[in-house]
Number of protein chains: 2
Amino acid sequence: MTRPMVVRDPALPAAVTIYEVGPRDGLQNESAIVPLEVKTEFVERLVAAGLPIVEATSFVHPKWVPQLADAAELVARLPMDGAVPLPVLVPNERGLDRALESGVRHIAIFASATEAFALKNLNSTLDDQLAMFEPVVARARAAGVDVRAYVSMCFGDPWEGAVPVDQVVSVGRRLLDLGASQLSLGDTIGVGTAAHVQELVRRFEAAGTGTEWLAMHFHDTYGQALANAHAALQVGITTFDASAGGLGGCPYAESATGNLATEDLVWMLDGLGIEHGVDLSSLVETSVWMSRVLQKEPASAVVRALGA
Amino acid sequence: MTRPMVVRDPALPAAVTIYEVGPRDGLQNESAIVPLEVKTEFVERLVAAGLPIVEATSFVHPKWVPQLADAAELVARLPMDGAVPLPVLVPNERGLDRALESGVRHIAIFASATEAFALKNLNSTLDDQLAMFEPVVARARAAGVDVRAYVSMCFGDPWEGAVPVDQVVSVGRRLLDLGASQLSLGDTIGVGTAAHVQELVRRFEAAGTGTEWLAMHFHDTYGQALANAHAALQVGITTFDASAGGLGGCPYAESATGNLATEDLVWMLDGLGIEHGVDLSSLVETSVWMSRVLQKEPASAVVRALGA
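Here, residues in each chain are numbered from 1, in the same order as that chain's written sequence. For naming, the first written chain is A and the first written ligand is 1, with later ones following in the order written. This being a predicted model, a pLDDT of at least 70 is required before a residue's local features are given, and a value of 80 or more before pairs of side-chain atoms are given or counted; all residues contribute to the totals for chains, interfaces and linings. Side-chain metrics in this entry use all non-hydrogen atoms of the structure; hydrogen atoms and water are not considered.

Caption draft 1: Here's a closer look at the nonpolar core. Judged by nonpolar contacts, the single largest core of 208 residues is most densely connected at A:Ile107 and B:Ile107. Once you skip the residues sitting within four places of it in the chain, A:Ile107 turns out to touch A:Val88, A:Val90, A:Leu96, A:Val136, A:Ala140, A:Val145, A:Asp146, A:Val147 and A:Arg148. What makes a nonpolar core is a set of buried Ala, Val, Leu, Ile, Met, Phe, Trp, Tyr and Cys residues whose side-chain atoms join them at distances within 4.5 Å. Exposure categories follow from relative accessible area, calculated using a 1.4 Å probe and restricted to protein chains: below 20% of the type maximum is buried, above 50% is exposed, and the middle band is partly exposed. Contacts between residues were defined by any pair of non-hydrogen atoms, one from each residue, lying within 4.5 Å.

Encoded structure:
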């Protein structure tokens, strides 16, 4: 199998954590509804391929995300106490109740960096959004459950346009203050570019939030995801969200491309000699299998090139 | 039309030259044969969109590249003395004869960085390749014609694997010594990653060849093209080859992705506040039109997102 020549950059981190979002963020944004058995095998294969953390599903109401209506059944089939954390998304306290009943040990909440998206997605203001998350985070932590906070629309917003960096920092820090252990800074519509990424990370650091609290979540809507990941590595980011095969469309733009593809990220990390623990061959096989299930060409360039 | 927020990086160049290769490298690697009228309009639209240089066609023998068999007719229809240079590829002295007869003012030659590809593509050794190009460059320059030299397989080679950086520098410098005015360093099979790109540029500089002599030519086979372009900007590269819509497959890998898409590069440059002179809307319209001619989805993420 073709692989890149390794040329290290001593200024970059020696190792990174790939936070796999394919089963949740990927499948949530695919039009097909995947059977429970396939979802179970998908998560198991991702864990077997070496992904150190795999977001498994979402306890959002099935009315909004019918693709993940089987969240409780899926969680019941998966090793929630295993060595590899399998977080689930919870939208609110009702979702948290269901997640805790199911034995979930790691949750993620989904916040907005902008007023417009808070209104559109949660029908609330930014302040109300944070007030709504306060008991979710508190109760989760009281139950010994770890909480990750997605911050969406960190670079641009379909309604507001460019999003001020300071606003993202402010929302992010309020989520950490509530008790979140990590922020996933999302370029939900894919409009960000490399210097913007670096500026956002630096502004968090200037406000006292180091890179150990930050993950980056890029979408490839305008082809920028991997260039942005490289830029993020350069400012010390060591956790990257990615989706096997590039699963998942872009919910707020007319585009065939969604999440940064895990395989394309792995290729870059391999070339840079950065450790990640993922077996690229197994991952490509998994994405080829999933693309057949979905009857759809994989979005990942690496999967298209190596999976033929 | 959605556009990125501009965040400048003062360490990057203030302006770059996009060397458009769609009509030659793009169409040469598409299976469809495009009518002469469409090719003419394609070049004209690219010039109208602000591309500062457009490689128009190739005087390679039609037996090898039937897609560009109408090179002389195309050149006859185009303003070869206009403000925008329209280089053509010439493979050898016979190609040069035809190009000079047609009134071409700028040519490009296509060299290999590796013995294996020199053998495969030219049926020659590296030394013989350079001996073959010597009279091509000398006669072109004597006629007042500028010569660009492509160096292919600069990062990896399907037969040799990883290509030593020093070998690329050596071949490149010999081409400059012959009289080439610019090297286009090609990642023909798309295996390179960011630090490898920077290492190659630095090694050229250490050997006395500054970035003003270098252009980068990336392929997106493994999704790395734009990350590599960002890495190249960071070491001072100011000329980038790109193909409108991402036209052109990858000749030596099973992949749907070919050249770096001009639109995706323009998006990144716009976000970084780097001048390039190209009107993105006109370019997207041109690529949408060409994708309809070819009856094929554009490879460019930006064209898919904005051109719908």
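Now that the structure is up, let's keep going.
Caption draft 2: Quick look at the pattern of salt bridges. Residues and elements named next belong to chain A. By definition, a salt bridge exists where a carboxyl oxygen of Asp or Glu is found within 4 Å of a side-chain nitrogen of Lys or Arg. Per the stated rule, a full pass over the model turns up 26 salt bridges over all chains. Put simply, Glu-41 and Arg-45 hold a salt bridge, and the shortest N to O gap is 3.2 Å. With Glu-41 and Arg-45 both in helix α2 (residues 36-48), this residue pair falls 4 residues apart, about one helical turn. Across the pair Arg-148 and Asp-241 runs a salt bridge, and its minimum N-O distance is 2.8 Å. Of this pair, Arg-148 sits in strand β6 (residues 146-152) while Asp-241 sits in strand β11 (residues 239-242), and the two are 93 residues apart along the sequence. Across this residue pair, the class does not change: Arg-148 and Asp-241 are buried. Residues joined by salt bridges that share partners form a network here, namely Arg-24, Asp-25 and Glu-55. To qualify as a helix, a DSSP run of H or I must reach at least 4 residues; to qualify as a strand, a run of E must reach at least 2; elements of each kind are numbered from the N terminus.

Caption draft 3: Quick peek at the packing of aromatic side chains. For Phe, Tyr and Trp, rings pair up if their centres lie within 6.5 Å, where Trp contributes its six-membered ring, and each pair is then called stacked (planes under 30 degrees apart), edge-to-face (over 60) or tilted (otherwise). On inspection of all chains with the given rule, the structure shows 12 aromatic pairs over all chains. Aromatic side chains A:Tyr222 and B:Trp267 sit 3.9 Å apart centroid to centroid with 5° between the ring planes, which places their arrangement in the stacked category. With A:Tyr222 in the loop between β10 (214-218) and α9 (225-234) and B:Trp267 in helix α10 (residues 262-271), the pair connects residues from two separate chains. When the ring of B:Phe117 is compared with that of B:Trp159, the centres are 6.0 Å apart and the planes differ by 15°; the resulting orientation is stacked. Taken together, the residues span a long stretch of sequence, with B:Phe117 in helix α5 (residues 115-122) and B:Trp159 in the loop between β7 (156-157) and β8 (161-162) at a distance of 42 residues. The class of B:Phe117 is buried, set by a relative accessible area of 1%. Overall, B:Trp159 belongs to the partly exposed group, its relative accessible area being 38%. Linked through ring pairs, A:Phe110, A:Phe117, A:Tyr150 and A:Trp159 together constitute an aromatic cluster. Put simply, a charge is over a ring when the Lys NZ or the Arg CZ is close to the ring centre, within 6 Å, and near the line of the ring normal, within 35 degrees. A cation sits over an aromatic face here: A:Arg45 above A:Trp289, 4.7 Å from the ring centre. The residue whose ring lies beneath B:Arg24 is B:Tyr150, and the NZ or CZ to ring-centre distance is 5.1 Å.

Caption draft 4: Geometry of unusual backbone geometry. Residue and element names in this part refer to chain A. In this structure, Gln-295 takes a positive phi of about 50° despite not being glycine. In this structure, Gln-295 sits in the loop between α11 (280-294) and α12 (301-306). Take Gln-295: its relative accessible area is 74%, and that puts it in the exposed class.

Caption draft 5: Seen up close, the side chain of A:Arg148. All names here are of chain A. Its relative accessible area of 2% is what places Arg-148 among the buried residues. Side chain to side chain, Arg-148 and Tyr-150 meet in a polar contact 3.3 Å long. Definition of a polar contact: a pair of N or O atoms within 3.5 Å, with one able to donate and the other able to accept a hydrogen when the atoms are protein atoms, and with sequence-neighbouring residues admitted only if both atoms are side-chain atoms. A distance of 3.0 Å separates a polar atom in the side chain of Arg-148 from a polar atom in the side chain of Gln-182. If we ignore the near neighbours within four places in the chain, the residues touching Arg-148 are Tyr-19, Ile-107, Ala-108, Ile-109, Gln-182, Ser-184, Ala-215, Thr-239 and Asp-241.

Caption draft 6: Looking closely at the sheet that holds strand β3 (residues 57-58) of chain A. Residues and elements named next belong to chain A. At least two DSSP bridges between two strands are needed for those strands to be called paired. The sheet built from 9 strands is open, its strands ordered β2-β1-β11-β10-β9-β6-β5-β4-β3 with parallel pairing. In this open sheet, the two edge strands, each paired with only one partner strand, are β2 (53-54) and β3. In this sheet, β11 lies alongside strand β1 (residues 17-20) in parallel orientation, the contact comprising 4 bridges. Looking at β11, one finds that Ile-18 is bridged to Phe-240. Orientation is described by lines fitted to C-alpha atoms, with helices fitted over the stretch in contact, and by angles between N-to-C directions that extend from 0 to 180 degrees. Lying over the sheet, helix α7 (residues 165-178) contacts β5 (106-112), β6 and β9 (182-187), oriented at roughly 150° with respect to β9.

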